[in-house]
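What the coordinates show
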Amino acid sequence: MNNLENKKILLIICGGVAAYKSLELIRLLKKRGASIKTILTNSASKFITPLSVTSLSQEKTYLDLFDFKNEAEMDHISLSRWSDIVLIAPATANTISKLSYGMSDDLASTIVLASDKKIFLAPAMNVRMWEHKANQENLNKLKNYGYKIIGPEIGDMACGEYGEGKMTEPNIIIERLELYFNKIKKNKKLKAIVTAGPTHEYIDPVRYITNKSSGKQGYEIAKSLCSNGFETTLISGPTNLKLDSEINFIKVTNADEMFKETLNHLPADVAIFSAAVSDWKIKNIANKKIKKNPEVNLKLETNIDILKYISNHNSLRPKLVIGFAAETDDVEMNAKKKLDEKNCDWIIANDVSDRTIGFGSDLNEVTIFYKNDEIEKITKMSKTLLAEKIVEKVISKFN
Ligand code: CTP
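Because the structure is predicted, anything quoted here is derived from the model rather than measured.

What the rule picks out here adds up to seven aromatic pairs. Ring centres 5.2 Å apart and planes at 70° place the aromatic pair Y180 and F181 in the edge-to-face group. Using a relative accessible area of 8% as the deciding quantity, one classes Y180 as buried. Taking 5.3 Å as the distance between ring centres and 65° as the angle between the ring planes, the aromatic pair formed by Y202 and Y208 counts as edge-to-face. Among the residues examined, Y208 registers a relative accessible area of 37% and is labelled partly exposed. Linked through ring pairs, F120, Y180 and F181 together constitute an aromatic cluster. The residue whose ring lies beneath K7 is F181, and the NZ or CZ to ring-centre distance is 5.2 Å. Between the NZ or CZ atom of K141 and the centre of the ring of Y101, over which it lies, the distance is 4.2 Å.

The following block contains the structure:
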């Protein structure tokens, strides 16, 4: 297996004894045909020299101190756009702390902040530093941003102590990257549709009825599917969110448009219906603004249930159909009812009466109800990380 051929790796080396191992990492990556551009942080250049890095990578080595001549070329942007992934090895406690706060006081941290690529970190530090609550909290933040952590390992340390904190060996880091690119290659054959956000059902030209929904969870799922190689279409009601250009992004306003666009983008291997579709629409939309009368009679009719329609038409049905259930009470009973009535493979339910999760929040906590009666609770985490966990489960269904 060689999935690293022609891959572009942006390697950030931080200042730690393990920096010498990164030279071996570069050698192994080069052997597999990857292109490597390297950034040495200021302290890394005290452990290894730019000359040895350049000799092995056969590329220019970028130094940590802002070189204003280079910055005229906007290195921090061009380097992060150039790469397929960013690998930080070794990642020191200091760099982990800086990244968790979104600091950008040197080239390495600025690149990470400016990057839209998957970021891998191979930490290396003393065992006490590794175990320190501050370091663990910082790492947790990075995991919630969707960063991938490789290692560290348990063993004898350069400082003479023993424990967890040794940088993972270069050949194992390479194996992890191989697996990542292999997964993407396999998923490239798969097509995914995600619905997200609310729908707006107009009453007159200036008013509408809607459901509460920021669209964040659905967008994060679409982003994760896309970065895992799926050919992804996101059909979204009105939101304030921004998106990756690789996602096929279809903007809609109301449920009828969402339904039409979903049909237009079938067939698909997986469909994830995270949209908060309005259950009703206005029967006769006024073409002029309705005047402020003390009483107004609105005639509503039910919208089509997009999820139910698609999962009950065999010729349209994707292999994996996943619905969401936003509930304020009896979560389990309602979710199971939806799983059954909508003929889904999974229902992902959350309790929206809990204000710390769900609508508008960056956090979510869900329970997945599977068709085979299994139930899986996923504890509170960022919507980004939750999306990754859901997508990992989706991938395992296809491999
Ligand atoms: N859904 C849909 N089309 C609709 C309504 C809902 O595709 N017209 C999908 C949602 O995207 C979600 C699932 O059905 O995946 C459940 O949506 P939810 O709003 O929780 O439930 P409803 O079916 O609308 O039922 P209720 O409002 O009574 O809870």
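In summary, the side chains of a regular strand alternate between the two faces of the sheet. Across the two faces of strand β14 (residues 270-273) the burial is the same, with V270 and I272 and A271 and F273 all buried. Direction of pairing for strand β9 (residues 191-196) relative to β14: parallel, over a ladder of four bridges. Bridging across to β14, I193 finds its partner in A271.

Attention now moves to the side chain of N138. Mapped onto the fold, N138 is located in helix α9 (residues 133-144). There is a polar contact of 3.1 Å between the side chain of N138 and the side chain of S100. Beyond its immediate chain neighbours, meaning those up to four positions away, N138 contacts I96, S97, S100 and Y101.

Turning our attention to the site of the ligand. Of all residues adjacent to the ligand, which total 14 residues, the nearest are F273, A275, D279, K338 and K342. Taking F324, its main chain carries an N or O atom lying 2.8 Å from an oxygen atom of the ligand. One of the side-chain N or O atoms of K338 is found 2.8 Å from an oxygen atom in the ligand. Considering the ligand on its own, with 570 Å² of exposed area, one finds that the protein chains cover 78% of that surface. Broken down by element, the shell around the ligand gets its largest block of residues, four residues, from strand β17 (residues 320-327).

Bringing a nonpolar patch on the surface into the picture now. Judged by side-chain polarity, W280, V296, L298 and L300 come together as a nonpolar surface patch covering roughly 370 Å² of accessible area. The residue L298 is located in the loop between β15 (280-282) and β16 (300-302) in this model.

The subject of this paragraph is the environment of W130. Tracing the backbone shows W130 in helix α8 (residues 127-131). The exposure class of W130 is buried, given its relative accessible area of 8%. On a C-alpha basis, the gap between W130 and D116 in space is 27 Å, while along the polypeptide they are 14 residues apart. Non-local contacts of W130, meaning those with residues more than four positions away in its chain, are made with P123, M125, N135, Q136, L139, G151, P152 and E164.

Among the structural elements, D75 can be located in helix α5 (residues 75-82). Distance from D75 to I111, taken between C-alpha atoms, is 8.2 Å for residues 36 residues apart in sequence.

What follows concerns the sheet that holds strand β3 (residues 61-63). Pairing is parallel in the open sheet, where six strands are placed in the order β3-β2-β1-β4-β5-β6. Strands at the two margins of the open sheet, each flanked by one partner only, are β3 and β6 (148-149). Bridge analysis of strand β4 (residues 85-91) against strand β5 (residues 118-123) gives five bridges, and the strand direction is parallel. Each residue of the ladder has a partner; that of A91, found in β5, is P123. Along the sheet face, helix α1 (residues 19-31) touches β1 (8-13), β2 (35-40) and β4 and points at about 170° away from the line of β1.

Taken in spatial order, the eight strands make up an open sheet running β13-β12-β9-β14-β17-β18-β19-β20, and their pairing is mixed. For this open sheet the edge positions go to β13 (248-251) and β20 (375-382), each flanked by a neighbour on one side alone. Between one strand axis and the next, the sheet turns by 15° as a mean value, whatever way the strands run. Sheet strands touched by helix α14 (residues 331-341): β17, β18 (346-351), β19 (363-370) and β20. Its angle to β18, the strand with the most contacts, is close to 155°.

Domain annotation for the chain reports domain 1 (8-185) and domain 2 (188-398). Look at where the C-alpha atoms of domain 1 and domain 2 centre, and you get two points 37 Å apart. If you look at the interface, domain 1 gives 10 residues, while domain 2 gives 12 residues. Contact between domain 1 and domain 2 buries roughly 880 Å² in total, counting both sides, with carbon and sulfur atoms accounting for 42%. Three residues stand out in domain 1 for area buried against domain 2, namely N144, K183 and I184, and they jointly supply 54% of the buried area on that side. Of the charged contacts, one joins K148 and E388 as a salt bridge, the two residues approaching to 3.0 Å between their closest N and O atoms.

Listed as buried for α14 are V331, N334, A335 and L339. Taken around the axis of α14, the buried residues stretch over an arc of 140°, which confines them to a single face. Across α14 from its buried face, at more than 90 degrees, point the exposed residues M333 and D340. On the buried face of α14, the contacting elements are β17, β18 and β19. Positioned one or two residues after α14, N343 has a phi angle of 55°, which is positive.

Cut-off values and rules
Residues numbered from 1 in each chain as written. Predicted model: local features only at pLDDT ≥ 70, side-chain atom pairs only at ≥ 80, totals over all residues. Heavy atoms only, no water. Phe/Tyr/Trp six-rings, centres within 6.5 Å; stacked < 30°, edge-to-face > 60°. Buried < 20%, exposed > 50% of the residue type's maximum accessible area, 1.4 Å probe, protein only. Lys NZ or Arg CZ within 6 Å of the ring centre and 35° of its normal. Helix = DSSP H or I, 4+ residues; strand = E, 2+ residues; numbered from the N terminus. Pairing = 2+ DSSP bridges. Polar contact = N/O pair within 3.5 Å; in protein donor to acceptor, adjacent residues only side chain to side chain. Contact = heavy atoms within 4.5 Å. Near = heavy atom within 4 Å. Areas by Shrake-Rupley, 256 points an atom, 1.4 Å probe, with all protein chains shown as cover. Patch = residues over 30% accessible without salt bridge, like charges linked within 9 Å, V, L, I, M, F, W, Y side chains within 5 Å. Salt bridge = Lys/Arg side-chain N within 4 Å of Asp/Glu carboxyl O. Axes fitted to C-alpha atoms, helices over the stretch in contact; angles between N-to-C directions. Domains from an automatic or database assignment. Buried area = accessible area lost by both parts, 1.4 Å probe. Arc of directions from axis to C-beta.

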